[in-house]
Amino acid sequence: MSGKGTEKDKMAEIYNHSEIEDKWTKIWEEHPVNTDDGKKPKYYCLDMFPYPSGAGLHVGHWRGYVISDVWSRYKMMNGYYIVHPMGWDAFGLPAENYAIQTGQHPRISTAENIRNIKRQVKQIGAIYDWDMELDTTDPAFYKWSQWIFVQLFKHGYAYEKEMPLNWCPHCRAVLANEEVVDGKCERCHSEVTKKNLRQWMLKITEFADRLLDGLDTLDWPEKVKKMQTDWIGRSFGAEVDFKIDGRDDAITVYTTRPDTLYGATFMVLAPEHALSAGLATPETKEAVDKYIADSANKSNVDRLQGKEKTGVFTGSYAINPLNGAKLPIWLSDYVLADYGTGAIMCVPAHDDRDFEFAKKFDLPIIQVIAKDGKEIEDMQEAYTEANGTMINSGDWNGMESAELKVKAPHYVEEKGFGKAKKNFKIRDWVFSRQRYWGEPIPIIHCPDCGAVTVPEEELPVLLPEVESYQPTDTGESPLAAIDSWVNCKCPVCGKDAKRETNTMPQWAGSSWYFLRYVDVHNDKALVSREKADKYLPVDMYIGGVEHAVLHLLYSRFWTKFLYDIGVVGFEEPFLKLFNQGMVLGPKGVKMSKSLGNVISPDDMIRDYGCDSLRLYELFIGPPQQDSAWDDRGIDGVYRFLCKFWNLVMENKDRDVKADTELIRIRHKLISTITQRLESFSLNTVVSGFMEFNNSLAKLPGVDRETLETYVILLSPFAPHIAEELWQQLGHDSSVFKAPWPEADSEAMKEDTIEVPVQVNGKVRATVSVPAEASKEEVLATAKEAVKDRLTGNLIKEIYVSGKIVNLVVK
RNA sequence: GCCGGUGUGUCGGAAUGGCAGACGAGGAGGACUCAAAAUCCUUUGGUGGCAACACCGUGUGGGUUCAAGUCCCACCACCGGCACCA
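J.: Residue-level account of the sheet that holds strand 19 (residues 450–453), with values.
T.: Judged by pairing direction, the sheet is antiparallel, and its four strands sit side by side in the order 19-18-21-20 without closing on themselves. Pairing within the sheet leaves two strands with one partner each, and these edge strands are strand 19 and strand 20 (487–489). Adjacent strand axes in the sheet meet at a mean angle of 40° when their direction is disregarded. Pairing of strand 20 with strand 21 (residues 496–499) involves three bridges; the strand directions are antiparallel. Counterpart to asparagine 487 in the pairing with strand 21 is lysine 498. Its contacts with the sheet place helix 6 (residues 139–154) against strand 18 (443–446) and strand 19, and it is angled at close to 130° to strand 19.

J.: Give a description of the pairing of strand 12 (residues 266–269) that names residues and reports values.
T.: Side-chain positions along a regular strand alternate between the two faces of the sheet. Burial along strand 12 is two-sided: the face carrying Phe266 and Val268 and the face carrying Met267 and Leu269 are both buried. As paired strands, strand 12 and strand 15 (residues 343–346) are joined by four bridges and run antiparallel to one another. Along strand 15, the bridge assignment pairs methionine 267 with methionine 345. By the bridge criterion, three bridges tie strand 12 to strand 14 (residues 326–331) in an arrangement that is parallel. In the strand pairing of strand 14, leucine 269 is matched with leucine 331.

J.: Would you mind going over the sheet that holds strand 28 (residues 794–800) in detail, with residue names and values included?
T.: Taken in spatial order, the four strands make up an open sheet running 27-26-29-28, and their pairing is mixed. The sheet terminates laterally at strand 27 (762–770) and strand 28, the two strands that pair on one side only. Here the strands of the sheet are splayed against their neighbours by 20° on average, with no regard to which way each runs.

J.: Tell me about the packing of aromatic side chains, and name the residues and values.
T.: Here the distance between the centres and the angle between the planes together describe a pair of aromatic rings. For the coordinates displayed, the defined rule picks out 50 aromatic pairs. Between tryptophan 88 and tryptophan 130 the ring centres are 6.3 Å apart and the planes differ by 15°, which places this aromatic pair in the stacked class. Here tryptophan 88, found in strand 3 (residues 87–88), pairs with tryptophan 130, found in the loop between helix 5 (106–122) and strand 4 (134–135); they are 42 residues apart in sequence, far enough to count as distant. Classification of tryptophan 88 as buried rests on a relative accessible area of 0%. When the centroid spacing of 5.6 Å and the interplanar angle of 80° are considered together, the rings of phenylalanine 149 and tryptophan 200 count as edge-to-face. Linking phenylalanine 149 in helix 6 with tryptophan 200 in strand 9 (residues 193–202), this pair joins segments that are 51 residues apart in sequence. There is no split in this pair, since phenylalanine 149 and tryptophan 200 are both buried. Members of the aromatic cluster, joined through ring pairs, are Phe149, Phe153, Tyr157, Trp200, Phe207, Trp429, Phe431, Trp507, Tyr554, Phe557, Trp558 and Phe561.

J.: Outline the nonpolar core, supporting the account with residue identities and numerical values.
T.: Judged by nonpolar contacts, the single largest core of 89 residues is most densely connected at Leu526 and Trp558. Judged by nonpolar contacts, the second largest core, of 87 residues, contains Trp24, Val33, Phe578 and Ile712.

J.: Mind laying out the pattern of salt bridges, listing which residues take part and the relevant values?
T.: Within the structure shown, the criterion is met by 51 salt bridges. Two residues, glutamate 571 and arginine 210, come together in a salt bridge whose shortest N-O distance is 3.0 Å. With a gap of 361 residues between them, glutamate 571 in the loop between helix 17 (550–564) and strand 23 (577–579) and arginine 210 in helix 7 (residues 208–213) connect regions that are remote in the sequence. In this structure, aspartate 230 engages lysine 226 in a salt bridge whose closest nitrogen and oxygen atoms are separated by 3.2 Å. Residue aspartate 230 and its partner lysine 226 are both found in helix 8 (residues 222–232); the two are separated by four residues, about one turn of the helix. Note on aspartate 230: relative accessible area 39%, which makes it partly exposed.

J.: An account of helix 23 (residues 704–714) is needed here, citing residue identities and associated values.
T.: Within helix 23, nine of the eleven residues are buried, which leaves the element mostly enclosed by the surrounding structure. Those residues of helix 23 that fall on the buried side of the exposure criterion are Thr706, Leu707, Glu708, Thr709, Tyr710, Val711, Ile712, Leu713 and Leu714. If you follow the buried residues of helix 23, they end up packed against helix 3 (59–77), helix 20 (633–651), helix 21 (660–678), helix 22 (682–698) and helix 24 (719–728). Where helix 23 begins, the side chain of aspartate 703 points an oxygen toward the backbone nitrogen of glutamate 705, at a separation of 3.2 Å.

J.: Any details on the side chain of aspartate 611? Residues and values, ideally.
T.: Within the secondary structure layout, aspartate 611 lies in helix 19 (residues 610–619). At 4.8 Å, arginine 614 is the nearest oppositely charged side chain to aspartate 611, a buried residue that forms no salt bridge. Once residues lying within four places of it in the same chain are set aside, the contact partners of aspartate 611 are Tyr15, Glu21, Leu641, Ala718, Pro719, His720 and Ile721.

J.: How would you summarise the protein's contact with RNA strand B if you had to cite specific residues and measurements?
T.: As a matter of local geometry, RNA strand B sits amid 48 residues, with Thr256, Arg353, Lys425, Arg639 and Lys803 nearest to it. The sugar-phosphate portion of RNA strand B accounts for 60% of its atoms within 4 Å of the protein, the bases making up the rest. With respect to RNA strand B, the side chain of serine 235 contributes an N or O atom lying 2.8 Å from a phosphate oxygen. Between RNA strand B and asparagine 806, the relevant distance is 2.7 Å, taken from a base oxygen to a side-chain nitrogen or oxygen of the residue. Taken together, the elements giving at least two residues each to the surface near RNA strand B come down to helix 8, strand 11 (250–255), helix 20, helix 22, strand 26 (752–759), strand 27, strand 28 and strand 29 (804–809). Of the residues forming the surface near RNA strand B, the biggest block, six residues, is contributed by helix 22. Tallied by class, residues from the surface near RNA strand B come to 18 nonpolar, twelve polar and 18 charged.

J.: Requested: an account of the packing of helix 3 against helix 21, with residues and values cited.
T.: The geometry of helix 3 relative to helix 21 is characterised by a closest axis approach of 11 Å and an angle of 120° between their N-to-C directions. Comparing their axes, helix 21 and helix 3 come out oblique. In this structure, helix 3 crosses over helix 21, and the sense of that crossing is left-handed. Contacts between helix 3 and helix 21 involve Val70, Trp71 and Tyr74 from the former and Thr674, Leu677 and Glu678 from the latter. When the residues that make up the contact of helix 3 with helix 21 are grouped by side-chain class, the tally is four nonpolar, one polar and one charged.

J.: Hey, could you go over the pairing of strand 22 (residues 540–543) for me, with residue numbers and the actual values?
T.: Residues of strand 22 alternate between two faces, with Met540 and Ile542 on one and Tyr541 and Gly543 on the opposite face, all of them buried. Bridge count between strand 1 (residues 42–47) and strand 22: three bridges; the pairing is parallel. Counted as the bridge partner of aspartate 47 is isoleucine 542 from strand 22. By the bridge criterion, three bridges tie strand 22 to strand 23 in an arrangement that is parallel. Counterpart to tyrosine 541 in the pairing with strand 23 is leucine 577. In this view, the connection linking strand 22 to its parallel neighbour strand 23 by way of helix 17 has right-handed handedness.

Cut-offs applied
Residues numbered from 1 in each chain as written. Chains lettered and ligands numbered in written order. Predicted model: local features only at pLDDT ≥ 70, side-chain atom pairs only at ≥ 80, totals over all residues. Heavy atoms only, no water. Pairing = 2+ DSSP bridges. Helix = DSSP H or I, 4+ residues; strand = E, 2+ residues; numbered from the N terminus. Axes fitted to C-alpha atoms, helices over the stretch in contact; angles between N-to-C directions. Contact = heavy atoms within 4.5 Å. Buried < 20%, exposed > 50% of the residue type's maximum accessible area, 1.4 Å probe, protein only. Phe/Tyr/Trp six-rings, centres within 6.5 Å; stacked < 30°, edge-to-face > 60°. Core = buried A, V, L, I, M, F, W, Y, C linked by side-chain atoms within 4.5 Å. Salt bridge = Lys/Arg side-chain N within 4 Å of Asp/Glu carboxyl O. Polar contact = N/O pair within 3.5 Å; in protein donor to acceptor, adjacent residues only side chain to side chain. Lys, Arg positive; Asp, Glu negative; His and termini not counted. Near = heavy atom within 4 Å. Nonpolar A, V, L, I, M, F, W, Y, C, P; charged D, E, K, R; others polar. Parallel < 35°, antiparallel > 145°, perpendicular 65-115°, else oblique. Left-handed = near helix turned anticlockwise from the far one by under 90°. Right-handed = clockwise from strand over helix to strand, strands pointing away.

All quantities given are derived from atomic positions and should not be read as evidence of function.
In structure tokens, the structure reads:
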């Protein structure tokens, strides 16, 4: 019974994470630590905003948010005001599909999901500024998504086009090229088919050069830059006209290798090419028509790689403009209709695909670049490098291929049978979706005026209530069924007109949301130029690599457009990008609901607390690398926090004097943590803290300044415990108002150093020498320590200052 | 096929060309406990040895170097991206 009191007292002293975290969550809500005094420089640290799904967050989502919060707090303690917002990317298919399943309006389920996810996000303990919160489905937000569309339309960057589109029969939706993976729907993995539909397109291709060249200015992972570069796919070459034999018209081909023009031995057109059917002769007509029809029915998958090449001879010939050679014209589906001109000249000696086709159909092969200075006998594969001297090439003979490759387009242009040309792989952005849960496209179709934009003062065009969200088999949006909404007057001529019923793709809101955060309540502009100039662009953007191409490319495109029309004063929205790795399930497999291996942060927080989870998210592995969750791993960081707590509590009221050793440890801690933080090696920051904790715990006592330094350094990582201990150390103001400590390199210097001594590369002894000892002194001590082993001739003595001695004996 | 990335104990991982395996997890042994949990201490790459110690060891094979996980060459495996773009 007498033990009860002492036990209770003991309880009050041990680390009680939930009490501490609740306490500081409340205090920080009333007194935010990140404030804008108008004088501090800004630092914009952005998280990729989440889609508020019903499943909520798992520990993988947390990782990026923890990294960005640590970085934000560190910057904050270095004197910046941090723009650190959070919002919800809430339009899109999953909410709509969920609505269809449950009969619940997506607005209801979305609001519910946002509520839950916001609760979870708040548990991270991040310094998010909730006054900036936004939701892409809020009319006050999507008004400006629509406004941007109107501007794009007015500048000629939005247009309608009837085109065969990727159609997912299961989702009953048109998919962007970006949403088709291996010929299958990215979302439901059904086989994607083609369907002819009228679509809204955005001319991202007009920005292709700028999107490519802008990458050079960005501090992004090389991998992501490469992916965007490949996606944009710029190439330089020439368009060359080949007259059709016996006719007046010509076939224009695109080639990046006009240097090999003399090596062309046949031509291939895509089956869809406008001239294809007309090139057939009476003898070949049947075969040609059949080939064209078969190709039209083939799915994308069948036309892809791996399959043996097919083709049909049209019976017609083209004339090589350089030497008058007659080249048979073939059709084959290995030539893509929508790239270049849909027709190619074939140089089998110097192109793998042409070589394969020539071998299969027994077509001639003419080598025009000498490999290793000679003509290849019995060629087994194409020589594709532009490296060698030209042969069999008329007056080009003797020229260097590499040089000619650059000059040939201009040569062709001078001769008048073609022109220099650059091409891109990137296509215009299919911007309409035939679904309900998206921003209505602010266009009115008038029988007389055509497509006209909704006047800006009438924005937003509100998404109307609808009986059924079901997508239709015809590919029409569910909005088309609401007559009262569809029928309207033309804003130009006043006649009866109809609203556009397509909605925007999910990418719309995320393409510009980062601009809105800094002026989220503005109802006059999407962002005031003043605030844009003050707080934008984003200095650090943190999120998964899965958005390497689409989201990041679309955002850059819209930012460049908004720059052109003067809304913002910069062309690139995200100066630095960091891709955090995924958190995988316990066995290294991706977390998924169906596998039942999803780890919920809610459970972790209950058992270990926010600070432990934050530390473990960092400790789990290098931040840019995928890491497998280990349930027991979090015990380690939790134990560390308990020891840290005990260390500070046990020493805080003792009057310990710091000796040089303690001062050295303190400055080493500052130096190590700061360096590792700056280089984003966050996992080793945590292990660094553990190491220092272990060495401090071995000392008889720890002085106050070291304790305070320690608490400050740990605060960006484990904010709650740090703030509590800061208060326990007697401070009235927040630890986050404390400046980031600076390491003193003088104080870090050791008096004596341990130097390992190697003989022939193997460590045989370790000697203690004064830090200031000369090379000669160290070597003398070293030789003495290993004298038994220095039996032969000492042929080399190496001393790397402060590091190692190596004595080479023969 | 092309382009990236990765490869280190039982596991996650650490290491400006300078003592490989920090730190954590797990294991083993011990202390405390009637017992368990928690906590604390010791130990923990492999092989041989009672031991001091010796040898081997960072995917494989070569090379450069006094010294290589780290640099160079050739390969292998796994993961990711692109995929007939002329």
